[in-house]
Amino acid sequence: MVVNPQVVVAGHLCLDIIPDLSQGTVTGDRFFSPGKLAEIGPATLSTGGPVSNTGLALNLLGIPAALMGKVGKDTFGELVQLMLARKSVKEALIVVPGDTTSYTIALSPPGFDRMFLHDPAANNTFCADDVRYDIVATANIFHLGYPPLMRRLYENGGRELVEIFRRVKQLGVTTSLDMALPDPHSASGKVDWRTILENTLPYVDIFLPS
């Protein structure tokens with residue numbers, strides 16, 4: 001765990017699985033054709049989501065950052081923890097027995113925009129009580145990412161999201177909110193985000209809409 005981190009990065013964390021489609025026989029318009037077998041290249045595995053992406057970037061820049069997120073007690077969760085450990089990143093992850101770790105399969109066929117298959121998994125249960133406020137209190141900045149992909153943070157009018165930022169702001173820490181665009185056809189896309197943000201933004205210093 002980071003001692004006196006400058007930044008705490010919390011929220012969405014996942015395992016990214018990225019098949020190499022550049023040299024294979026995949027074409028974007030027929031990728032999901034029933035019965036089709038398409039040869040592809042090796043897959044890249046990496047940690048993803050703002051907890052990983054922002055946290056790793058900060059540490060690479062020499063800015064000590066503590067990472068807070070949720071993973072399941074499963075193989076994907078073990079991989080996420082192993083990959084973060086290999087980068088000497090300190091984390092305060094919650095490992096949830098019986099839950100599964102979030103993952104994304106990122107598909108990028110030549111000539112087409114990227115497509116994502118995403119399972120939010122343990123991210124859906126992340127809530128205000130999962131934040132280590134004792135660690136946050138030692139930091140200068142608290143950054144939370146992707147509440148539209150985290151069910152507990154957008155349900156019930158965003159009550160948990162508001163509570164997180166209210167409690168962090170009471171500590172005198174600068175707050176930062178990083179959004180993701182929800183699928184308008186998903187449960188996240190159907191909630192009243194205007195009201196959620198009206199209730200949350202009074203406790204937010206830096207707002208990063210996506």
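Above this text is the structure in question.
Counting of residues starts from 1 at the beginning of each chain's written sequence and follows it residue by residue. Per-residue local features are limited, in this predicted model, to residues with pLDDT of at least 70; the limit for side-chain atom pairs, both in listing and counting, is 80 or more; totals at the level of whole chains, interfaces and linings are taken over all residues. Only hydrogens and water are set aside; all other atoms, that is, all heavy atoms of the structure, feed into the side-chain values.

Caption draft 1: Just the overall build of the chain, in detail. A run of H or I in DSSP becomes a helix once it reaches four residues, and a run of E becomes a strand once it reaches two; helices and strands are each numbered from the N terminus. For the chain, the count of helices and strands is 6 helices and 11 strands. By the compact-globule yardstick of 17 Å for 210 residues, the chain fits well, its C-alpha radius of gyration being 18 Å. Projected onto its principal axes, the C-alpha positions of the chain cover 55 × 40 × 35 Å. Using a 1.4 Å probe on the protein chains alone, a residue whose accessible area is under 20% of its type maximum counts as buried, one over 50% counts as exposed, and one in between counts as partly exposed. Taking all 210 residues of the chain together, 44% fall into the buried category. For the chain, contacts bridging at least 24 residues in sequence account for 73% of all contacts bridging at least 6. The convention is simple: Lys and Arg are positive, Asp and Glu are negative, and His and the chain ends are not counted. One atom stands in for each charge, and that atom is NZ of Lys, CZ of Arg, CG of Asp or CD of Glu. In the chain, 17 positive and 21 negative side-chain charges are present, and the distance between their average locations comes to 2 Å. Put simply, the radius of gyration uses C-alpha atoms, and a globule should come to 2.2 Å times the residue count raised to 0.38. When checking whether two residues touch, look at their non-hydrogen atoms; a contact exists if any pair is within 4.5 Å.

Caption draft 2: Region of the structure containing the layout of surface pockets. Its volume calculated, the largest pocket comes out at about 460 Å³. T104, F116, H118, Y146 and L149 are the residues nearest the centre of the largest pocket, which is lined by 17 residues in total. Those elements that place two or more of their residues in the lining of the largest pocket are β2 (14-19), β7 (103-107) and β8 (115-119). If you tally residues by element for the lining of the largest pocket, the top one is β2, at 3 residues. Lys, Arg, Asp and Glu make up the charged group, whereas Ala, Val, Leu, Ile, Met, Phe, Trp, Tyr, Cys and Pro make up the nonpolar group; the residues left over, Gly among them, are polar. For the lining of the largest pocket, the per-class residue count stands at 8 nonpolar, 7 polar and 2 charged. Approximately 160 Å³ is the volume attributed to the second largest pocket. For each structure, a 1 Å grid was placed over the protein atoms alone; sets of points admitting a 1.4 Å probe that cannot get out are labelled cavities, open sets with protein on both sides within 12 Å along at least five of seven lines are labelled pockets, and lining residues have an atom within 4 Å of a point. Forming the walls of the second largest pocket are 14 residues, and the residues nearest its centre are P148, L149, Y154, S186 and S188. Grid points are joined across faces, edges and corners, and a volume is the space filled by probe spheres set on the points.

Caption draft 3: How the structure looks around the sheet that holds β7. Being paired, for any two strands, means DSSP has found at least two bridges between them. Read from one edge to the other, the open sheet built from 4 strands follows the order β3-β2-β7-β8, with strand pairing classed as mixed. Every other strand in the sheet has two partners, leaving β3 (43-48) and β8 as the edge strands with one partner each. Sheet twist, expressed as the mean angle between neighbouring strand axes with direction ignored, is 20 degrees. Pairing of β2 with β3, which is carried by 6 bridges, proceeds in the antiparallel orientation. Opposite I18, over in β3, you have T44 as the bridge partner. Fitted lines through C-alpha atoms serve as axes, helices being fitted only where they are in contact, and the angles separating the N-to-C directions of these axes extend from 0 to 180 degrees.

Caption draft 4: Seen up close, the pattern of salt bridges. By convention in these notes, a salt bridge is any Lys or Arg side-chain nitrogen within 4 Å of a carboxyl oxygen on Asp or Glu. With the rule as written, the count across this model stands at 7 salt bridges. D130 is paired through a salt bridge with K70; the nearest N and O atoms lie 3.0 Å apart. Here the residue D130 occupies a position in the loop between β8 and α3 (133-136), and K70 occupies one in strand β5 (residues 70-72), the gap between them amounting to 60 residues. Accessibility classification places D130 together with K70 in one group, the buried group. D134 is the salt-bridge partner of R132, the closest N and O atoms lying 2.7 Å from each other. Residue classification places D134 among the partly exposed residues on the basis of a relative accessible area of 45%. Where salt bridges share partners, they join R152, E155 and E160 into one cluster.

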